Structure formats: C-alpha cells, structure tokens
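# Examining the three-dimensional arrangement
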Amino acid sequence: MSVKRLVRKSRLFATVVIAVLALPAGAWAADGPFPRGEGFYFDIFTVILFLAIYAAWIKTSSWVDRDAQELSLPGDMWNGLMLAGGALSLIMIWIMPVFWLSFFVFVLLLAAPSLYYVSVRNRKVKAPERVLTPDHLRSLARRYLKLDFGKASDDTARDGVPVRFFGRRSEGQPDDPNRVARVMESVGYKTAQEMVYDACNRRATDIHLEPTKSEMTVRFRIDGMLTPADPFSRATGDAVISIFKVLCNMDITEKRKPQDGSMSAQVEDHVVDFRVATSGSVSGEKLVMRILDTSQQIISLEQLGMREKMHTQLRSIVTQPHGLFIVCGPTGAGKSTTLYACLNEIDRYQQNIITIENPVEYQLENVTQIEVNPKAGKTFATELRSILRQDPDVIMIGEIRDKETAEIACQAAQTGHMVFTTLHANDAVTALGRLIDLGVQPFMIASALSGVLGQRLVRLLCPKCKVRYKPNPELLRKANLPVEKIKFFYKPPEQNDGEESEEEVCENCGGSGYQKRTGVFELFVITEKIRDMIRDNPNMTAIKQEAVKSGMRYLYEDGLRQVIEGKTSIQELLRVCK
Ligand SMILES: [Zn+2]
C-alpha cells in the first residue's frame, strides 16, 4: 500500500471518529453550563484505572514508534495518530457527563489508533511475526500467565519446543503450506524441531548429519569447532533428513546426487534461515545445514577486536570514495562479518550501496541486497555487470573466485566506486598473489587496490574456568616477548576423559574451556611505494618486506596481544595461525 493512500485512509478514519464522538458531546455541552451532578467526583479507583490505561497507552505508543521504524512504515504519521488519540481521549473525558460512557470513549480513542496500526503492520509481515492474532495471544498467555488455552494452530505448544518450520519462500511466492503440513505428520518432525532448537541455543553455525551403519551422527559447529551432539537412530535420522529435503523443495527420491536448497524457521521470537545441502555417501545420505540468523545485530568496527590504530586505518580506507578493499582468510574466518562492519561505516542514506551475496547473511536497511543463484544464471560476474548500470557508490561482492569478477571489480574501483570483497587466501600479501594468479593484470590491481585485511577468529577462554600458568621463558624469548613483563599465560582446564570429569563440567562453556570468538588481523595498506612495486614487478617476497617495513604486523603477532591479555591461549592462536 502506498504511503499516500495510508495517510488518506487514516485521515478519513480519524475524521469519522472525531465526528461520531463530537456530535453527542456537542449536544450535551448545549444542555447546560456544567452538566454534572453533585459532589464526590474524585474517586481514587477511577483515577488509578485511568492512569493504568494511560500507562498502557504510553507503552503501546513507544512500541508503535519502534515497530514502524523497523518495518519502514511512515513513523511520523503513526506517531501523530497515536498522539491525536491520546489528546482527544483526554478532551472527551473532560466533556462527557456520564462516567461509563466517557470511560468507553476514552478507551476507544486510546485503543483505536493502535488497533488500526496493528491491522496495517500485520499485513506487512510474515505470519509468525503478526501480533494480536490468536496464536500470538496464546503464546503471550503461556509466557506471562502460564496459562495454556489449547493447542495453537501450529504445533509448538504440543511439543514444547518453540520452533516452527516454513518452506522457502522463493522470490515473489508465499510459503507453501502444503509442504509444511506434509512434514508435520512425519515421524521425525519433533526430533527435527528439537535438534534445530538445541543447535540455535548453543550458538551453532552449522549442523552436520552423517549416517553410519547403525545410527545418524549429529554434530554442531560451535565457535568454529565441530562438537558432537546426541546421535539419532538410523531410521529417525533418515526421516529427519527427508523432512528438511521436503521443506527445501528438493527431490526426496534422489539420495545420491548432491542437492541444495533453503528453508526458514521461527525459533522463539525470531526468524532463522537455513542453507541445506545433501549428498550421497557410502553409508547413505548425509546433510549439512548452515544456520543464518538474519536478526543478528551487525557489529561495529570497534567490536571486531582490532587494536585502535588498526581500526582507524581501516576506517580511512573504507570511507574513501573509490578503491578496492579485500578481506581474506580461510572459510569461517569471519570475513563477511568484517565486510558488514565496514559497510556499516558508510552513510547508507547518502550513498547508493548494492551488495551481491551468496547467501545474504544479514539484512541491511537502505541497501540493495542481491543473492546470486548460479542455477538461474545469476553469478557474481553477471550481477556485477548489471548493478554497475544502477549507479552505485559502494559495491560489496560476497567473494571473488574467477578472473571475470576480479577484473570487473578492479575496473569498478578505478571508475569511482568503492568495492568491498573477500578472497580465499591465507594472508594479506598472498591475497594479492591470488589476484595475479587469477589472471588480472598487475597494473589494474595496482591502480585499484587500496588495502587487504587478513583475518582469523580465535576462541576466547572461558572466564569461569581458565587456568593460569607460568610460560616457559625460552618460548617467550623465541617469540620476541618481554620475559620480565609477562608473568602468566592462561589456558583451558585439562580435558580428562576419565570418569571423574563428570563432577566438574564448567556450566558456562560446557567443558570446552572456550566461549565466543574474536578476530585477529593483519592489515596490508597499499602505499604509493607498494603500488609501484605491484605495477613494475610483483615480487611477493619484496612486497611483504616492504609492507612490514611500513608497519604491517602479521596475524600471529596481532594475536599475541590477546594471549598476553589472557583472553585466549597460545595453543588456540597457534591452531588458527599455522
Ligand atoms: Zn568454562
């Protein structure tokens, strides 16, 4: 619905309400100067009642304000309407002579704009996000009043796991309720719900289901490490895989050839997207699903874990009007999180930002996000060509893998666009070598590239169970660390696989000794001298030496800072920076 129509509609609505209410009020006012009976108007209960209703109205108004902003509805208009309702109701209370009548009008005037708002916003959002629907009321009653008003139309109430799947909405099409209804009757449905709920609660990013002869092993990737979860029987496991295949609209009879698809689920109060891939193996069909929580907050450059000097440097690179900025590292090194943080530095209202991603991991307001789909011929290269015609200022390309994409990216960077992208390479200088290996002319790279950020994620030690120890001075000397200054390092508690481990499993981290992750970085800034070196004779060893000379610190050196501060262990740093 267009904003104009909405405004017109709501104006009409407000006029009607005012007219209806004003008529009798005017008639009463005409009856006499002050048409009320005698004495005792001040009733404490009435006052409390009115105040309570007013408080509820204030709370609702602030929700409307926030919600309208989130859904990009015209906030000014809705705030105005809410306020008008509030003001009118006050006037009505003052004018009307009969308490119950004025009370009714008071409540009506306060509630009408909010109810109208709810009806408008409910049309705009997906079913699970609608409010004041029977399902929503039931879930509120369950949560706050501990009351159960029968089974909800979905079966989350029956199973007690707040997970509800829906099929993938392919572009422009609503979810297919038949598909969802079909899987809800299947044997493994409850197991699938519980598994997804468990994975989301443990902050897993991937779920792996792998068949063996007798059972289906389940593993979650948590903080980058695969962690075993409770396995299923083979029959249940196969049923669970079938459920996900149906939801993703895959061919369920095909159990050998690799397939991929996507689906979504409502987990508690937010929507999570899943990328699902299946393939055959010797002992049966396996499945891997990637969990994309699109409601996650984008973190800022400061929160990535960089030292201050580096994020100032990085900010000045990414806010330039043109250039090519590359984040590199292996899979799962947090490259896209960093790219989003960089995008977040750019004024999205004044600049036209377009992203091409595979898949879209976070949703950004005021940014055009395009998802590649190689099956439909939408590759990074084709999409990049077409968006260059849409006059972008900033372009984010999910990944550069081929010569064509790399060349267009360089050209775009030279013709007045800021281009962000990622590259699969171990360190920053190697990423430069990778671009040359892809076949891009060194002179093109030299004039386009503004900086390369190499990164890894290290797990942070669990603050509840980390163990202090004295590091070997010999090792410190080898690593060029000040032996006198460093008194202690920290490490996770010893993992004892024996019987006694049961008594003392740290509740905070589940016994792994680590919790959450942070980034370690190396920033390769392209100075004029390095630009010349790339153009003339790209010798990686010489370029690396020059980069270090101009202040680049290697990943490992950057990570040592986190070890010295006791945030991570030296073993963990060595694991990720080998
Ligand atoms: Zn712990």
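Residues numbered from 1 in each chain as written. Predicted model: local features only at pLDDT ≥ 70, side-chain atom pairs only at ≥ 80, totals over all residues. Heavy atoms only, no water.

### Focus: the overall build of the protein chain
So the rule is basically this: Going along the chain from the N terminus, every DSSP run of H or I of four or more residues is numbered as a helix, and every run of E of two or more is numbered as a strand. Burial status follows relative accessibility: with a 1.4 Å probe on protein chains alone, a residue under 20% of its type maximum counts as buried, one over 50% as exposed, and anything between as partly exposed. The contact criterion used is simple: two residues touch if any of their non-hydrogen atoms lie within 4.5 Å. Note that accessible areas follow from Shrake-Rupley with a 1.4 Å probe, and for residues the cover is restricted to the protein chains shown.
The helix and strand tally for the protein chain stands at 20 helices and 16 strands. Residues counted as buried form 43% of the 578 residues belonging to the protein chain. Summarising the internal contacts of the protein chain: among those between residues at least 6 apart in sequence, 63% fall at separations of at least 24. As displayed, the protein chain has an accessible area near 30900 Å², and 55% of this comes from carbon and sulfur atoms.

### Remarks on the coordination of the zinc ion
In plain terms, the rule: The donor set comprises N, O and S atoms within 2.8 Å of the metal, extended to 3.2 Å for Na, K and Ca; water molecules are omitted, so apparent gaps in a site may simply reflect that omission. Here a site with four donors is tetrahedral if all angles are between 85 and 135 degrees, and a site with four or six donors is square planar or octahedral if opposite donors are over 155 degrees apart and the other angles are between 65 and 115; anything else gets the irregular label.
Protein coordination at the zinc ion comes from Cys 462 (SG), Cys 465 (SG), Cys 506 (SG) and Cys 509 (SG), with a distance range of 2.2 to 2.4 Å. Taken together, the 4 donor atoms surrounding the zinc ion define angles of 105 to 116° at the centre, an arrangement classified as tetrahedral. Each donor residue of the zinc ion belongs to the same chain, and together they define the spacing C-x2-C-x40-C-x2-C. You can call Cys 462 buried: its relative accessible area is 0%.

### Regarding the sheet that holds strand β13 (residues 449-461)
Under the convention used in this document: Strand pairing is assigned whenever DSSP detects at least two bridges linking the two strands. Interaxial angles span 0 to 180 degrees and are taken between N-to-C directions of axes, which are lines fitted to C-alpha atoms, for helices over the stretch in contact.
Spatially, 7 strands are ordered β10-β9-β11-β12-β8-β13-β16 in an open sheet, and the strand pairing comes out mixed. One side of each edge strand has no neighbouring strand; the edge strands of this open sheet are β10 (368-371) and β16 (514-525). Neighbour to neighbour, the strand axes of the sheet diverge by 20° on average, direction disregarded. Running over the sheet, helix α12 (residues 380-387) touches β9 (353-357), β10 and β11 (394-397) and is turned about 165° from β9.

### A word on a nonpolar patch on the surface
Threshold: To count toward a patch, a residue needs a relative accessible area above 30% and no salt bridge. Like charges then connect within 9 Å, nonpolar side chains (Val, Leu, Ile, Met, Phe, Trp, Tyr) within 5 Å. Each reported salt bridge corresponds to a side-chain nitrogen of Lys or Arg within 4 Å of a carboxyl oxygen of Asp or Glu.
On the surface, a nonpolar cluster with roughly 430 Å² of combined accessible area is contributed by Leu 90, Ile 91, Trp 94 and Ile 95. Relative to the helices and strands, Ile 95 resides in helix α3 (residues 75-95).

### Overview of the sheet that holds strand β4 (residues 225-233)
Taking strand neighbours across the sheet as the criterion, the 7 strands line up as β1-β5-β6-β7-β2-β3-β4 in an open arrangement whose pairing is antiparallel. If you trace the sheet from one side to the other, it starts and ends with β1 (163-166) and β4, each paired once. Neighbour-to-neighbour, the strand axes of the sheet open up by a mean angle of 25°, direction not taken into account. Both strand β2 (residues 204-211) and strand β7 (residues 284-292) contribute to a ladder of 4 bridges, which runs antiparallel. Residue Leu 209 lies in a different strand from β7, and its bridge partner there is Leu 287.

### Some thoughts on the packing of aromatic side chains
Here is the rule: Pairing of aromatic side chains here covers Phe, Tyr and the six-membered ring of Trp, requires ring centres within 6.5 Å, and sorts the geometry by plane angle: under 30 degrees stacked, over 60 edge-to-face, intermediate tilted. In this scheme, the term charge over a ring applies when either NZ of a lysine or CZ of an arginine sits within 6 Å of the ring centre and within 35 degrees of the ring normal.
Inspection of every chain in the model, using the stated rule, returns 10 aromatic pairs. One aromatic cluster is present, built from ring pairs that chain together Trp 63, Trp 78, Tyr 116 and Tyr 117. The ring of Tyr 514 carries Arg 459 above its face, with NZ or CZ at 4.1 Å from the centroid.

### What about the nonpolar core?
Threshold: Here, nonpolar core means buried Ala, Val, Leu, Ile, Met, Phe, Trp, Tyr and Cys residues that are tied together by side-chain atoms lying within 4.5 Å of each other.
Counting 43 residues, the largest nonpolar core has Leu 324, Leu 449, Val 452 and Phe 524 as the members making the most contacts within it. Counting residues in hydrophobic clusters, the runner-up holds 39 residues, among them Phe 165, Ile 243, Val 271 and Phe 274.

### As for helix α18 (residues 540-549)
Each α-helix turn comprises 3.6 residues. Residues three or four places apart therefore point the same way. Test applied: The reported arc concerns the directions from the helix axis to the C-beta atoms and nothing else. Pairing of N or O atoms within 3.5 Å defines a polar contact, subject to two protein rules: one partner must be a possible hydrogen donor and the other a possible acceptor, and residues neighboring in sequence count only if both atoms are side-chain atoms.
For α18, the complete set of buried residues consists of Ile 543, Glu 546 and Ala 547. For α18, the arc enclosing every buried residue in end-on projection is 105°, short of the 170-degree limit, so these residues lie on one face. For α18, the exposed residues lying more than 90 degrees away from the buried face are Thr 541, Gln 545 and Lys 549. For α18, the N-terminal capping position is held by Asn 539, with its side-chain oxygen 2.9 Å away from the main-chain nitrogen of Thr 541.

### Some words on the confidence of the model for the protein chain
Parts of the model with low pLDDT should not have their predicted coordinates read in detail. For the record, the criterion: Known as pLDDT, the predictor's confidence for each residue is given on a scale from 0 to 100.
In the predicted model, the protein chain carries a mean pLDDT of 84, and 86% of its residues have values of at least 70. Confidence drops under a pLDDT of 50 for residues 20-33, and excluding neighbours within four residues, the segment shows 9 contacts in the predicted structure.

### Focus: the packing of helix α2 (residues 44-70) against α3
Note the following rule: Any angle that falls under 35 degrees is termed roughly parallel, while one over 145 is termed roughly antiparallel, one within 65 to 115 roughly perpendicular, and all others oblique. Crossing handedness is defined as follows: a turn of the near helix away from the far one that is anticlockwise and smaller than a right angle gives a left-handed crossing, while the clockwise case is right-handed. Classification used: nonpolar for Ala, Val, Leu, Ile, Met, Phe, Trp, Tyr, Cys and Pro, charged for Asp, Glu, Lys and Arg, polar for all others including Gly.
Packing of α2 against α3 brings their axes to within 8 Å, and their N-to-C directions diverge by 170°. The orientation of α2 with respect to α3, classified from their angle, is roughly antiparallel. Both α2 and α3 take part in a crossing whose hand is right-handed. Within the contact between the two elements, α2 uses Phe 50, Tyr 54, Trp 57, Thr 60, Ser 61, Val 64, Asp 65 and Ala 68 and α3 uses Gly 75, Trp 78, Asn 79, Met 82, Leu 83, Gly 86, Ser 89, Leu 90 and Ile 93. Residue composition of the contact of α2 with α3, by class: 10 nonpolar, 6 polar and 1 charged.

### Examining the pairing of strand β12 (residues 418-423)
Within β12, 6 of the 6 residues are buried, leaving the element largely enclosed by the surrounding structure. Because side chains alternate across β12, one face comprises the buried residues Met 418, Phe 420 and Thr 422, and the other comprises Val 419, Thr 421 and Leu 423, equally buried. Relative to β12, strand β8 (residues 323-328) runs parallel, the two being bridged by 6 bridges. Bridge pairing in β12 places Ile 326 opposite Thr 421. Here β11 pairs with β12 via 4 bridges, running parallel. Bridge pairing in β12 places Met 396 opposite Phe 420.

### Topic: unusual backbone geometry
Among all residues save glycine, negative phi is the norm, and among peptide bonds the norm is trans. Cis rather than trans, the peptide bond between Asn 358 and Pro 359 has omega equal to -10°. Within the secondary structure layout, Pro 359 lies in the loop between β9 and β10. Residue Asp 391 is not a glycine yet carries a positive backbone phi of 50°. Following the sequence through the fold, Asp 391 ends up in the loop between α12 and β11. Exposure remark for Asp 391: the relative accessible area of 58% places this residue in the exposed category. With a phi close to 65°, Lys 516 is a non-glycine residue in the positive phi region. Tracing the backbone shows Lys 516 in strand β16.

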